[in-house]
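This is what each chain is made of:
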Amino acid sequence: MGGKNWNRLHKLIYVAAVCGIIHYWWQVKNGRAHAGGMTAILALLLLARPVLAWNQRRKARAVVAA
């Protein structure tokens, strides 16, 4: 598939996940706790990715500096 296309697909998955949660919220009439839980899980996963990437870059810089 190649690196460039893989990265594009990977980014589109994030968009699809957010659109899926928005669609789910539109469909839910009552019992919003379940939709809120799914939204929180997705938000946690989407926020964890840049934090983990930042941590890896920081560790890599520390190894190069040492």
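Please refer to the structure placed before this passage.
Criteria and cut-off values
Residues numbered from 1 in each chain as written. Predicted model: local features only at pLDDT ≥ 70, side-chain atom pairs only at ≥ 80, totals over all residues. Heavy atoms only, no water. Helix = DSSP H or I, 4+ residues; strand = E, 2+ residues; numbered from the N terminus. Rg over C-alpha atoms; globule rule 2.2 N^0.38 Å. Buried < 20%, exposed > 50% of the residue type's maximum accessible area, 1.4 Å probe, protein only. Areas by Shrake-Rupley, 256 points an atom, 1.4 Å probe, with all protein chains shown as cover. Patch = residues over 30% accessible without salt bridge, like charges linked within 9 Å, V, L, I, M, F, W, Y side chains within 5 Å. Salt bridge = Lys/Arg side-chain N within 4 Å of Asp/Glu carboxyl O. Lys, Arg positive; Asp, Glu negative; His and termini not counted. Charge placed at Lys NZ, Arg CZ, Asp CG, Glu CD.

A. Structural context of the overall build of the protein. Counting its regular elements, the protein contains 2 helices and 0 strands. Here the C-alpha atoms of the protein give a radius of gyration of 17 Å, more than 25% beyond the 11 Å that 2.2 N^0.38 yields for 66 residues. Here the C-alpha coordinates of the protein stretch approximately 55 × 30 × 10 Å along the principal axes. Put simply, the protein has 66 residues, and 6% of those count as buried. For the protein, the accessible surface area stands at approximately 5,700 Å², while carbon and sulfur atoms represent 70% of it.

B. Representation of a positive patch on the surface in the model. On the surface, a cluster of positive charge is made up of Arg57, Arg58, Lys59 and Arg61. Among the secondary structure elements, arginine 61 is positioned in helix 2 (residues 32-65). Accessibility expressed as a relative area gives 52% for arginine 61, which makes it exposed.

C. Representation of a nonpolar patch on the surface in the model. Together, Trp6, Leu9 and Ile13 make up an exposed nonpolar region whose accessible area comes to about 310 Å². Mapping leucine 9 onto the fold places it in helix 1 (residues 3-27). Residue leucine 9 is classed as partly exposed on the basis of its relative accessible area, which comes to 34%.

D. Structural view of the environment of asparagine 55. Structurally, the position occupied by asparagine 55 is in helix 2. What makes asparagine 55 partly exposed here is its relative accessible area of 23%.

E. Summary view of the environment of glycine 2. Summarising the element assignment, glycine 2 is placed in the segment before helix 1. Glycine 2 sits in the partly exposed class, given a relative accessible area of 47%. The sequence separation of glycine 2 and histidine 23 amounts to 21 residues, and the corresponding C-alpha distance is 31 Å.

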